[in-house]
Structures are given as C-alpha cells and as structure tokens.
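A structural walkthrough
Residue strings, one per chain:
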Amino acid sequence: MGEHETTGIIESIVERLPGNKDIYFWNFIVLMVFTLFEVGAVFFETVPGTEIRISRFAVWTILVVVGIVKGYGIAAYFMHLKGDPRIYTRTALFPVLFVLLMLWGIGLSNPEAITELPSWCTPDWDYATSR
Amino acid sequence: MSGHGNHIENSIWGRAILMAGAIVTIGIVAFAALGLGVGSIKHDAYDEAKDTYYEAMDDPTVTQSELDHLHHEEIDAHLSYLTYWVAGVTIMVISIIYAIFLGVGGFINSIQPQEEESHGDDHHDEHHGSASPIIFCFGVLLFLMGFPEFVEGLRPLLSQGGTFEAGNLVLSTIGLTIIMIGIANWWREDLPFIGHGEQIATSAPFEGEHIRKAGLWVFIMSEVMVFATFFSSYLRVRTEWCTKWAFDNGLENGKPVEGCVSQSQIDLFNAGEHVTGDVVMTASDYLRPGGAAGTGDFWTMLPGAVNTFALIISSYTIVLALKTAKAKDWEAPKGVLRHLLPDKKTAVRNYLIATLLLGSMFIVLKLVEWSHLVAEGFTVGTSQGSIFYVATGAHGMHVFAGLLIMLYLVFKADTIGYDEDNGQGIEYFGLYWHFVDLAWVVIFPAFYLY
C-alpha cells in the first residue's frame, strides 16, 4: 500500500471487476490461486480427471512461471514498487547483477566452487570438528 | 529516530508487561493441551504401535506384508506424536520469547524517569538521530562473538552432555542485555511518534523521500544477497547430486550421466525393465507425493503448502492494517466482521494480531515438519540436509525476527494507535514482511517441490 496510486493495464482491468475491491485484494487472490496451481502441479502426477501425465518439464515450467508471477505481484503491488518513485525499483534491481554473477559463478560454472576452496578462505575444520 | 508528539506516561509501559503475561499464559495452556494432553495420548498410541511391531518381528507366523503394514502404523503413530509434542513445545517456547521481549522492554521503560509533558514550544516535532540502532548492533556483535561458547554453555543445561561453565554464557548474555536495552530505548523513542518530522533525504538519488524508507530498501537489498548465497550454494550442490529427477531424466533422454546413469541402465530401461539407481534424497523426495523416499503424500506436503498460504495471507493482512491506518474516512464493516473491527484503532490492531498469529503458525508448522524429516532420517548431517536446514532455517529466523518487531507494532496499535500520519511505521515493517514472503516464493518450490 503505497502513497502513490498506480495506473496501468492491470489497474484498469481491476476497476472493471465486480465487488468494488482494490488492486491489493485482487493481487491477494491471484497469489492464492497461483500458489494452489503450483502445489497442484507437484501434487498430481496426471492432470486431474484425465490420463495425461504431467511431465517434469511441465512441472519445472509451472514452478518458474508461477514464481515469476508471484514475485511480480508481491514486489509491484504489496511492496508498491509500481506506484513508488523509480529510484526504489532501481535500488531493488541493483543487486540483481551480483545475484546473477553469484548464481553463475558459484552455482553453475565452477564444479569445485565449494569443495576446492583455497585454504585461506575455508574455516578451520579441525577446530570445528574437535568442538 | 527520536520521535516526539504524544506525551507518554510511564504507566502505559505496564500494559506491555500485562500483554507479556497474557502471551506466556496462552503458551503454557497450549503446551499443556497439545504437548502434555494430546501429546501423551499420542505417545501411548506410539508405544503400543511400537510394541505390536516388535512383537510381530519375533513372530514367525506374521507375513512380510503384515510386518510392513505394522511398521507403517508405527511410523504414523510416531509422526502423529511428534506433531502434537513439537507444536506444543514450540508454541510455549515462542510465547516465552515473545513475553520476555515485550515484558523486559516494557519493564525497562516503565522504570525510566517520567518525562515532562510537552507544551509544544520546544521544537518537539523536529527529528533527531537515534543511538538505539547502534546500541542494538553492538549488542548483536557481542552476542554473536560469544555465541559458540553460549551454545557450549547451554548444552549441559539442556542435558546434552558436557560440563556446565558459567563463563561460557557471559559474553552472549551481556550482548542480549545490550540488545534489550537498545530495543527498549528504540521503543521509548518511537512510541510517542505521531508522524510529524519524518526525516527527508535532501540530496540525490533519494531526494524528497523518507530516509527510513530508503534505508529499509537498501537493507532489503543486502538481504537479497544473503539469500542469493544460499541459492547459489544449493544450485552448486544440486547440479552435482544424482537426484531421482536427474536419474529419470537421464534414462528418458538416453544419455549416460557420470556417477548417476550408466549406459547399461539406459539399455535396460529401453528394454522395458524397471530400473532403479543409487539416488540422493532431497527434502522434496520426502515431502512431495511420488518422491524417491516414498514417504510423501498429502499430509507431508500440507505444512509447507499451508505455510505458503499463511505467508500470503499475512502479507495481505499487513496491507489491510496499513490501508486502515491510512484511511481518512474508514467505516466499520457490516455483519460478523463488525465485532472484530468495530473501530479504526481496534481494526489496525487486530489486523496486526492476525499477521502475528499467521507468522507464528508458520514457525510452528515449520518445526513440526522438521521434526518429521529428522525422524525419517533427513538430518543436517548430509549435504542435502545441511543446505535445506540452513536455507529454510535462515528464512525462519527472518520470519521470527519480523514477529518480534510485530509484537511492538501490536503494542503501539493497542496503546497510541496508528493513523494516516504515523501509519508509515506499518508500511516500512510491511516492506520487510513482504520481502520475507518474496524469499519464500523462491525457497518453497526450490526446496519443497523440486
């Protein structure tokens, strides 16, 4: 709930919805529905009522897409980045570069990133074990 | 921040002590009902199931399928007992921590010298810097410096072995005391704050914006980096593990994966044989239906799923608290809700209490779930257990820290109250709370579902 009103396509759709509810209410509903969808994708091995098997790729895709939608809903509306001055969005996006570098540099590119760290940046394991 | 505006009588802090008493009473009642009451019944059932199983093991007339059935019943009885016992203990422990936090903070402020009443002629709307965050951080520094010894000192007190040495507890206890003094002082400065004199940034890039808000965003970004370290580590180890997903994927793609899927296994799979491999068990293998551990069903996934919904609902209740506080022409709802939200001040307080309860439920369910995982053999001693408990535990600590802050918000909402002028206190806390929700949006699918 920000100090600034937000405008855009989503907001104009919300204005036309019945019940005279605000964007926060509909954002909450969307988050709930998408979470249900996310849990359902993992819980069911086949599409309910059919024999169609939900493949691992489909589950993966659903988890990623739902994560993006939920992340956007929380950041844009609940954290009101959409209505606030741009500087807050820029601040929020600032660490993204470092996060991507970390995910790539440690997470994906270097197989020895954890097990083969040089001694000067590893804890004193003997000391830790003896405690 | 040195907030001014309302004159606060010291006696108002006494209400914090009363609230602490009420909270600890709720905790003890919950423990008595869940942990001792239902827990002891469940423990008896578990003992009975265990005895039946052990007797059956020695009985040559019992078939293997009957034995498996009894074994499953024993496991179910054990997990059922753990659910109530851990829930009862957790509610009591977090209630005691809440009570200490609120009660000690209230007590420290209630014994302070009474301030003179403001007559509006001494620039009380001006904002001044506060030493409280620095005092708080110094306390955290001492607490963490002494933490390894603190844990060693607690072991014998919790009957976990070792010899008790009081010296082990000194540094962290001093740290905790300084933390409490810093927090109490912070409350004393914030409670009278009615929203006038919020510090505004005077230069780029945040020119014209509230300094507290800008600072909070920078803090949140540093938190993003903290969680990114967990994810990069998880990604690293996860890509090396031969999980069920990786094994099945290798078989279906027909490509051998070193240390996971061999060509002979692929050949067998292509010939229509059922192929099994030596796969690594992740938390999701224990929790989701169809997981490699074979233990997952609706009930094992329920705590994580309920927690996800609880965090989303709590994000919405904090939005409602802020929206109500900021509303100039708020009207009480019609119907049943009118009893819960009769006036603006009560409505804000009750929305905050709802958020507090949902967050507390998150902690209780998380620990219940952890107890089940440990009982099934998924411990912190393995690399997959280590990254799971560290990442989800760090998130849980963030939730718990948020709950402690929320206790103060509830106290302020109950005493001074929030309105359109000072409602930004809820807004800034809400940013942190939404971030915790946002982190869970990534943690839940990564650790629980995938």
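Residues numbered from 1 in each chain as written. Chains lettered and ligands numbered in written order. Predicted model: local features only at pLDDT ≥ 70, side-chain atom pairs only at ≥ 80, totals over all residues. Heavy atoms only, no water.

1. Re the overall build of chain A
The helix and strand inventory of chain A stands at 6 helices and 0 strands. Put simply, chain A runs from its N terminus to its C terminus through helices and strands in the order α-α-α-α-α-α. The burial tally for chain A puts 34% of its 131 residues in the buried class. Sequence-distant contacts in chain A: of pairs separated by 6 or more residues, those separated by 24 or more amount to 56%. (Helix = DSSP H or I, 4+ residues; strand = E, 2+ residues; numbered from the N terminus. Buried < 20%, exposed > 50% of the residue type's maximum accessible area, 1.4 Å probe, protein only. Contact = heavy atoms within 4.5 Å.)

2. A word on the interface of chain B and chain A
Each partner contributes to the interface: chain B provides 57 residues, whereas chain A provides 48 residues. Between chain B and chain A lies a buried interface of about 4,700 Å² when both sides are counted; carbon and sulfur atoms form 74% of it. The largest share of the area that chain B buries against chain A comes from W217(B), R236(B) and Y316(B), three residues that together contribute 14% of it. Put simply, chain B and chain A have 2 salt bridges between them. Between the two partners, chain B and chain A, sit 5 residue pairs in polar contact (both at pLDDT 80 or more). Those elements that place two or more of their residues in the side of chain B that touches chain A are α4 (147-157), α6 (211-240), α7 (244-253), α10 (298-326) and α14 (424-449) of chain B. (Buried area = accessible area lost by both parts, 1.4 Å probe. Salt bridge = Lys/Arg side-chain N within 4 Å of Asp/Glu carboxyl O. Polar contact = N/O pair within 3.5 Å; in protein donor to acceptor, adjacent residues only side chain to side chain.)

3. Describing a nonpolar patch on the surface
On the surface, a nonpolar cluster with roughly 690 Å² of combined accessible area is contributed by F94(A), L97(A), F98(A), L101(A), W104(A) and L108(A). For F94(A), the position within the fold is in the loop between α4 (86-93) and α5 (96-108). (Patch = residues over 30% accessible without salt bridge, like charges linked within 9 Å, V, L, I, M, F, W, Y side chains within 5 Å. Areas by Shrake-Rupley, 256 points an atom, 1.4 Å probe, with all protein chains shown as cover.)

4. Some remarks on the pattern of salt bridges
Close approach of charged atoms lets side chains of opposite charge pair. Across all of its chains, the model carries 14 salt bridges over all chains by this definition. The shortest N-O distance in the salt bridge between R236(B) and E240(B) comes to 3.7 Å. Within this pair, R236(B) and its partner E240(B) are both found in helix α6, separated by 4 residues, close to a single helical turn. Given a relative accessible area of 7%, R236(B) falls into the buried group. D285(B) serves as the salt-bridge partner of R288(B), at 3.5 Å between the closest nitrogen and oxygen. The burial state of R288(B) is the same as that of D285(B); both residues are buried. Through salt bridges with shared partners, a single ionic network connects D84(A), K213(B) and E427(B).

5. Section: the nonpolar core
As a rule of thumb, soluble globular proteins bury nonpolar side chains together. Residues and elements named next belong to chain B. In this structure, L102, W217, L352, F388, L403, I426 and F447 are the most contacted members of the largest nonpolar core, which totals 119 residues. For this core, the leading source of residues is α14, giving 17 residues. Of all hydrophobic cores here, the second largest spans 8 residues; its members include C242, L251, V261 and I266. (Core = buried A, V, L, I, M, F, W, Y, C linked by side-chain atoms within 4.5 Å.)

6. Examining a negative patch on the surface
Residues and elements named next belong to chain B. Taken together, the side chains of D44, E48, D51, E55, D58, D59 and E66 present a region of like negative charge at the surface. The dominant element in the negative patch, judged by the number of residues it contributes, is helix α1 (residues 11-57), at 4 residues. Relative to the helices and strands, D58 is located in the loop between α1 and α2 (64-110). (Lys, Arg positive; Asp, Glu negative; His and termini not counted. Charge placed at Lys NZ, Arg CZ, Asp CG, Glu CD.)

7. Remarks on the packing of aromatic side chains
Residue and element names in this part refer to chain B. This structure, assessed with the given rule, holds 42 aromatic pairs over all chains. With centroids separated by 5.2 Å and ring planes inclined at 20°, the aromatic side chains of W187 and Y408 adopt a geometry described as stacked. Note that W187 is positioned in helix α5 (residues 167-190) and Y408 in helix α13 (residues 383-415), a separation of 221 residues in sequence. Pair check on accessibility: W187 and Y408 agree, each one buried. Over the face of the ring belonging to Y450 we find R238, whose NZ or CZ atom lies 3.8 Å from the ring centre. (Phe/Tyr/Trp six-rings, centres within 6.5 Å; stacked < 30°, edge-to-face > 60°. Lys NZ or Arg CZ within 6 Å of the ring centre and 35° of its normal.)

8. So, helix α3 (residues 56-78) of chain A
If you check α3(A), its first and last C-alpha atoms are 31 Å apart, about what 23 residues at 1.5 Å a residue would give, namely 33 Å. Trailing α3(A) by a residue or two, H80(A) shows a phi angle of about 40°, which is positive. (Expected span 1.5 Å × (residues − 1).)

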